[in-house]
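# Fold and contact review
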Amino acid sequence: MTVIGYARVSTTDQDLSIQEAALRAAGCDIIRTEKRSGTTTAGREELRTVLDFMRKGDVLVVTRVDRLARSIGDLQDIVREIKAKGAALKATEQPIDTSTAAGKAFLDMLGVFAEFETNLRKERQLEGIAKAKANNVYKGRKPSIDVARVRELKAAGVGPAAIAKQLKIGRASVYRALGEAGQEAQR
């Protein structure tokens, strides 16, 4: 039986040391760490490595369930994969132990709350953007393509593919910029 620790933070400027210390104190033989968002399992190579490595009787330990997943769907998929291998999931700061019925029930409740928290954060962000737009403060991202330069090159007889290569942009962006020019001319 191997006790495997998994620690995760969302951004590169966050610190993993508190989670790592808790996992060492919990008796983890191996600790894998990652600095990636927990809103999806996509791109989380360390998590994938841990799940691929797990064998019957192993235990995956996290400090809290939100370190593992922030969506109930992802959490359930991870737990199903762990269970299918005959392994278990435990948390150091929460009464989670998927080898017991009570631990599994508590895990599901915490997963719902983690997803709820993520959804609330997204709603607050969208409300803030809407308010900023209403106050004419939020203008969106600055344009990354010089539409005037695209038009200038086209007028000089340069083709869309050559314009894209010269300006280091996608050909679709060139067509979009030229389309905007046509729409403005029609106004």
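Scroll up to find the structure this text is about.
Residues numbered from 1 in each chain as written. Predicted model: local features only at pLDDT ≥ 70, side-chain atom pairs only at ≥ 80, totals over all residues. Heavy atoms only, no water.

So, on to the side chain of R70. Relative to the helices and strands, R70 resides in the loop between β3 (59-62) and α3 (72-84). The buried category is assigned to R70, whose relative accessible area is 11%. In terms of polar contacts, R70 uses its side chain to reach the side chain of D66, at 3.3 Å. A distance of 3.4 Å separates polar atoms of two side chains, one belonging to R70 and the other to E117. Aside from chain neighbours lying at most four places away, what touches R70 is R8, G38, T39, A114, E115, E117, T118 and R121. (Helix = DSSP H or I, 4+ residues; strand = E, 2+ residues; numbered from the N terminus. Buried < 20%, exposed > 50% of the residue type's maximum accessible area, 1.4 Å probe, protein only. Polar contact = N/O pair within 3.5 Å; in protein donor to acceptor, adjacent residues only side chain to side chain. Contact = heavy atoms within 4.5 Å.)

Moving on, we come to a nonpolar patch on the surface. Residues M109, F113, F116 and L120 make up a contiguous nonpolar surface patch of about 400 Å² in total accessible area. Counting through the fold element by element, M109 comes out in helix α4 (residues 101-134). For M109, a relative accessible area of 45% corresponds to the partly exposed category. (Patch = residues over 30% accessible without salt bridge, like charges linked within 9 Å, V, L, I, M, F, W, Y side chains within 5 Å. Areas by Shrake-Rupley, 256 points an atom, 1.4 Å probe, with all protein chains shown as cover. Salt bridge = Lys/Arg side-chain N within 4 Å of Asp/Glu carboxyl O.)

Examined bridge by bridge, β3 and strand β4 (residues 88-91) share 4 bridges and lie parallel to one another. The partner of V61 across the bridge, within β4, is K90. Assessed by its sense of winding, the connection that carries the chain from β3 through α3 to β4 is right-handed. (Pairing = 2+ DSSP bridges. Right-handed = clockwise from strand over helix to strand, strands pointing away.)

Spatially, 4 strands are ordered β2-β1-β3-β4 in an open sheet, and the strand pairing comes out parallel. Looking at which strands have only one partner, the edges of the open sheet turn out to be β2 (30-35) and β4. Mean inter-strand twist for the sheet, computed between neighbouring axes without regard to direction, equals 25°. Alignment of strand β1 (residues 3-9) against β3, held across 3 bridges, turns out to be parallel. Across the sheet, I4 pairs through a bridge with L60, a residue of β3. (Axes fitted to C-alpha atoms, helices over the stretch in contact; angles between N-to-C directions.)

Structural measurements only, silent on function.
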